[in-house]
Amino acid sequence: VEPGCWAHLNCAQWSSEVYAKEDGELMHVKSAIQRARKVVCSHCGMRGASIGCNMHRCKCSFHFQCVAASGARLLADSRAFCAAHRHSKQAR
């Protein structure tokens, strides 16, 4: 991320397009920040949501801190599913 720009670690790590290289460096954080500035959280209604539901065509997105409060589910493989899709086959 460029100087003067920052992101919470959990928000960056769970962002849809971010991944970690073998050395732990997070890739595509800048594009995640730029995208999240325009995305409204499905739980709180505020901009900055960077974690999207992984169900095809689902439009739900969340802030990291709103995931649990909304009933969404985070999986160990960095996928997220909204409350409506948390019990789907893809969320296993």
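### Observations concerning the confidence of the model for the chain
Next up, step 1: Per-residue pLDDT for the chain has a mean of 89; in total, 96% of the residues score no lower than 70.
Next up, step 2: When mean pLDDT is taken per element in the chain, strand 4 (residues 61-62) scores highest with 95 and helix 1 (residues 9-14) scores lowest with 84.

### What to know about the environment of Val39
Next up, step 1: Position of Val39 relative to the elements: it lies in the loop between helix 2 (29-36) and strand 3 (51-52).
Next up, step 2: Residue Val39 is classed as buried on the basis of its relative accessible area, which comes to 18%.
Next up, step 3: Leaving out residues up to four positions away in the same chain, Val39 has contacts with Met46, Arg47, Gly48, Ala49 and Ser61.

### Side note on the side chain of Ser15
Next up, step 1: Tracing the sequence through the fold places Ser15 in the loop between helix 1 and strand 1 (19-20).
Next up, step 2: Polar contacts involving the side chain of Ser15 include one to the main-chain carbonyl oxygen of Cys11, which spans 2.6 Å.
Next up, step 3: Look past the residues within four positions of Ser15 in its chain and what remains in contact with it is Ala32, Arg35, Ser50 and Ile51.

Quick notes on the rules
Residues numbered from 1 in each chain as written. Predicted model: local features only at pLDDT ≥ 70, side-chain atom pairs only at ≥ 80, totals over all residues. Heavy atoms only, no water. pLDDT = per-residue confidence, 0-100. Helix = DSSP H or I, 4+ residues; strand = E, 2+ residues; numbered from the N terminus. Buried < 20%, exposed > 50% of the residue type's maximum accessible area, 1.4 Å probe, protein only. Contact = heavy atoms within 4.5 Å. Polar contact = N/O pair within 3.5 Å; in protein donor to acceptor, adjacent residues only side chain to side chain.

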